[in-house]
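# Fold and geometry: a report
Now for the letters of each chain:
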Amino acid sequence: MPEAGQILVLAGRFDPTCDLVVYELNRRGVPVFRADMADFPLKLTLAASLHGDRWNGTLAGDRRTLDLASVRSVYYRRPIRPRLPEGMSAAARKVAETEARLGFGGLLTALPCRWLPPPGKAADAEYKPLQLRVAAQAGLSVPQTLITNDPGVARDFADTVGGPLVYKPFFPVRGTVDGQSAAVYASIVQPGDLPHPDIATTAHLFQEWVPKAHEVRLTAVGTTLFAAEIHAGSEAGHIDWRSDYDSHRYQVCEPPAEVTAGVLRMLGVLGLPYGAFDFVVTPEGDWRFLEVNPSGQYGFIEQATGLPITAAICDYLEGTGP
């Protein structure tokens, strides 16, 4: 039977993926309290005290109040950092941001409830070097990879690979350039482009280019896996499918048994109940692990394929899913 209590949703105000979950929970009649950490402390008031081994108190917004003791699970979907009063000095702002993170955020993580995903585990899993090691440890096939700030080492790596490399940032890079939205996607680096002096400016991640029949977005919720092929219809999308969503064709697929086992082992090691995994499938049918996003979007996959990912997430939050 589902547990009693409310589900706390922590997300930005504009988050279509989160909206799917909130809509489904509302449809099920499950009480939901949605908030964004950006609203603290200007629009959210926190008051909590420790009684025995439990925190009791309230989180109050303009219209609603959450009884912290009633929270049975938390859906953590990329909330935005706290917004502080204007006019604070840089030093005071830094202190206030840290206090808000450790006080407000720390109190929420101290609630004895189910998280999807746990924020600490999710933060650790954002590190691509950790992901790649754990993936290999879990038995997944990982491309040859180099992390360096040495241009000469990058050139030697390209010589060892014997073909083009892929450069990808460690974290999504998005912003505006001349008033236009811009992003840094994975790009192909030819051996003749190396060594390049810009490599010395920071850490760079290079991998061998893996020939693609298509890619797969595999979304794991608990022990339930949903896999969909992504067939890119443009050159840019073939290199990095995130660069051209409009060109894609999607098809539901079944991951090989060894991939399923590796994904579940990887989630266990990372301590995650959710992960959006990306794989390249070679023309020979081999699945090569690229990365996992511990709070990745899935709405576009569900919309295109009908896979019931939202329902699985809500089952997990209600305590009825695996």
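Just so it is clear, the structure is predicted and the values come from calculations on it, not from any experiment.

## So, the overall build of the protein
Summing up its helical and strand segments, the protein has 9 helices and 18 strands in all. By its C-alpha atoms, the protein is 65 × 50 × 40 Å across when sized along the principal axes. Across the 322 residues of the protein, 46% fall into the buried class. Taking as baseline every contact in the protein between residues at least 6 positions apart, the subset at least 24 positions apart corresponds to 68%. For the protein, the accessible area works out to roughly 15,900 Å², and carbon and sulfur atoms hold 52% of it. A distance of 6 Å separates the average location of the 29 positive side-chain charges in the protein from that of its 36 negative side-chain charges.

## Considering the pattern of salt bridges
Applying the stated rule across the entire model yields 13 salt bridges. Between R28 and E24 there is a salt bridge, and its shortest N-O distance comes to 2.8 Å. The exposure class assigned to R28 is partly exposed, which follows from its relative accessible area of 27%. What makes E24 buried here is its relative accessible area of 12%. Through salt bridges with shared partners, a single ionic network connects E24, R27, R28, D315 and E318.

## Observations concerning the pairing of strand 9 (residues 165-168)
Neither face of strand 9 is exposed, since L165 and Y167 on one face and V166 and K168 on the opposite face are all buried. When strand 9 meets strand 12 (residues 187-189), the two strands line up antiparallel, connected through 3 bridges. Residue V166 lies in a different strand from strand 12, and its bridge partner there is I188. Bridging between strand 9 and strand 13 (residues 204-208) involves 4 bridges; their strand directions are antiparallel. Each bridged residue has a counterpart across the sheet, and for L165 the counterpart in strand 13 is E208.

## Focus: the nonpolar core
In this structure, Y75, V221 and I313 are the most contacted members of the largest nonpolar core, which totals 28 residues. Elements supplying a minimum of two residues to this core: strand 1 (6-11), helix 1 (16-27), strand 15 (224-231), strand 17 (274-281), helix 8 (299-305) and helix 9 (309-318). Apart from the residues within four sequence positions on either side, I313 is in contact with V21, Y75, L116, V221, Y274 and Y298. In terms of nonpolar packing, the next biggest core, distinct from the first, is built from 24 residues, A138, A227, C253 and F289 among them.

## Here's the deal with the confidence of the model for the protein
In this model, the protein carries an average pLDDT of 91, and 95% of its residues clear a pLDDT of 70 or more. Considering each helix and strand of the protein separately, the mean pLDDT is smallest for strand 10 (residues 173-177), with a value of 64, and largest for helix 7 (residues 257-270), with 98.

## With respect to unusual backbone geometry
Residue P41 follows F40 across a cis peptide bond; omega there is 10°. Along the chain, the position of P41 falls in the loop between strand 2 (32-35) and strand 3 (45-51). Residue P117 is reached from L116 by a cis peptide bond, and omega for that bond is -15°. Looking at the secondary structure, you find P117 in the loop between strand 7 (114-116) and helix 3 (119-125). For R78, which is not a glycine, the phi torsion comes out positive at approximately 55°.

## What about the environment of E302?
Here E302 is to be found in helix 8. When the C-alpha atoms of E302 and R13 are compared, they prove to be 21 Å apart, with 289 residues separating the residues in sequence. Apart from the residues lying within four places of it in its own chain, the contact partners of E302 are L20, L307, P308, I309 and T310. A distance of 2.8 Å separates a polar side-chain atom of E302 from the backbone nitrogen of I309.

## Digging into the side chain of R77
Counting through the fold element by element, R77 comes out in strand 6 (residues 71-77). Taking relative accessible area as the criterion, R77 reaches 3% and is therefore assigned buried. One polar contact links the side chain of R77 to the main-chain carbonyl oxygen of S295, over a distance of 2.6 Å. Setting aside anything within four residues of it in sequence, one finds R77 in contact with L10, A11, G12, D15, T17, C18, S295, G296 and Q297.

Cut-offs applied
- Each chain has its residues counted from 1, following the order in which its sequence is written.
- For this predicted model, a pLDDT threshold of at least 70 governs which residues receive local features, and a threshold of 80 or more governs which side-chain atom pairs are given and counted, while totals over whole chains, interfaces and linings are taken from all residues.
- Hydrogens and waters are ignored; side-chain quantities use all the structure's heavy atoms.
- Numbering of helices and strands starts at the N terminus; helices are DSSP runs of H or I of at least 4 residues and strands are runs of E of at least 2.
- Burial classes: relative accessible area under 20% of the type maximum marks a residue as buried, over 50% as exposed, and values in between as partly exposed (1.4 Å probe, protein chains only).
- In this description, contact between two residues means that some pair of their heavy atoms is separated by no more than 4.5 Å.
- Each accessible area is a Shrake-Rupley result for a 1.4 Å probe, and residues are judged covered by the shown protein chains and nothing else.
- Residues counted as positive are Lys and Arg, residues counted as negative are Asp and Glu, and His and the chain ends are not counted.
- Taken as the charge centre is NZ of Lys, CZ of Arg, CG of Asp or CD of Glu, depending on the residue.
- Definition used for salt bridges: Asp or Glu carboxyl oxygen within 4 Å of a side-chain nitrogen of Lys or Arg.
- Pairing between strands is defined by DSSP: at least two bridges between them are needed.
- Put simply, a nonpolar core is a bunch of buried Ala, Val, Leu, Ile, Met, Phe, Trp, Tyr and Cys residues held in one set by side-chain atoms that sit within 4.5 Å of each other.
- The predictor reports its confidence for every residue as pLDDT, a score running from 0 up to 100.
- In protein, a polar contact means a hydrogen-donor-capable atom and an acceptor-capable atom, both N or O and within 3.5 Å, with residues adjacent in sequence counting only if both atoms are side-chain atoms; elsewhere, any N or O pair within 3.5 Å suffices.

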